[in-house]
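Chain and residue survey
Chain residues, written in single-letter form:
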Amino acid sequence: MASVNKVILVGNLGRDPEMRYLPSGEAVANLAIATSRKYKNKAGEMVEETEWHRVTFFGKLAEIAGQYLKKGRSVYVEGRIKTDKYTGKDGVEKYSTQIIANEMQMLGGREGMGEPSGEADEAAGYSRPAPRPAPAAKSSSGFDDMDDDIPF
């Protein structure tokens, strides 16, 4: 049976990305994303609960994250959960969970200043609507007046 390990986060960066490079030269960006939810507790009071997620980007995506992501920025991230087990200095086994990201989309425009534009925005994950095609020119072959009711 197949299995799925997929995470989708939409949240805000808690700090600027920390950049480093592997011996192979591949870029690695580590950052923290906060997600929050609001709910009413048993006493009827509104409570806000914030969860922090450690996210790691590799390669070109890490370079883009390091260049364009800043503390406080809203971001959409897709990836997978990875949990590592290690022994702490006190001899107790501990676990560390992180998200290995494979997709990222910046949200909210450029520092909240309107619509994105330019090549840097496209490289950073923004996309623009495709231009509309120009209307077709009339052909002089005489076929423009024919009906389109062809039965095949």
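Given the structure is predicted, the values throughout are model-derived calculations rather than measurements. (Residues numbered from 1 in each chain as written. Predicted model: local features only at pLDDT ≥ 70, side-chain atom pairs only at ≥ 80, totals over all residues. Heavy atoms only, no water.)

Turning our eyes to something else, we now look at the overall build of the chain. Along its length, the chain carries 2 helices and 6 strands. Scanning the chain from its N terminus toward the C terminus, one meets helices and strands in the order β-β-β-β-α-β-β-α. Expressed as a percentage of its 152 residues, the buried residues of the chain come to 28%. When contacts within the chain are restricted to residue pairs at least 6 apart in sequence, long-range pairs at least 24 apart make up 53% of them. (Helix = DSSP H or I, 4+ residues; strand = E, 2+ residues; numbered from the N terminus. Buried < 20%, exposed > 50% of the residue type's maximum accessible area, 1.4 Å probe, protein only. Contact = heavy atoms within 4.5 Å.)

Relative to strand E4 (residues 46-58), strand E3 (residues 27-40) runs antiparallel, the two being bridged by 13 bridges. The partner of Tyr 39 across the bridge, within E4, is Val 47. (Pairing = 2+ DSSP bridges.)

What follows deals with the nonpolar core. Where a protein is soluble and globular, its nonpolar side chains tend to be buried together. Formed by 21 residues in total, the largest nonpolar core has its most connected members in Val 55, Phe 57, Leu 69, Val 77 and Met 104. No other element matches helix H1 (residues 59-68), which puts 5 residues into this core. (Core = buried A, V, L, I, M, F, W, Y, C linked by side-chain atoms within 4.5 Å.)

Of the residues in the chain, 71% have a pLDDT of 70 or more, and the chain-wide mean is 81. Ranking the helices and strands of the chain by mean pLDDT puts strand E2 (residues 18-21) first, with 96, and helix H2 (residues 119-123) last, with 46. Across residues 112-130, confidence stays below pLDDT 50; counting only partners more than four residues off in sequence or on other chains, it has 22 contacts. (pLDDT = per-residue confidence, 0-100.)

Looking now at the pairing of strand E6 (residues 93-106). Of the pairings in the sheet, the one linking E4 to E6 comprises 2 bridges and is parallel in character. Looking at E6, one finds that Val 55 is bridged to Ile 99. Here 13 bridges tie strand E5 (residues 74-87) to E6, and the two strands are oriented antiparallel to one another. Pairing of Asp 84 across the sheet is with Ser 96, part of E6. Hairpin connection between E5 and E6: a loop of 5 residues separates the two successive antiparallel strands, and Gly 91 in this loop has a positive phi of roughly 85 degrees.

The next point concerns the side chain of Ser 96. Here Ser 96 lies in strand E6. Once residues lying within four places of it in the same chain are set aside, the contact partners of Ser 96 are Arg 54, Lys 82, Thr 83, Asp 84 and Tyr 86.

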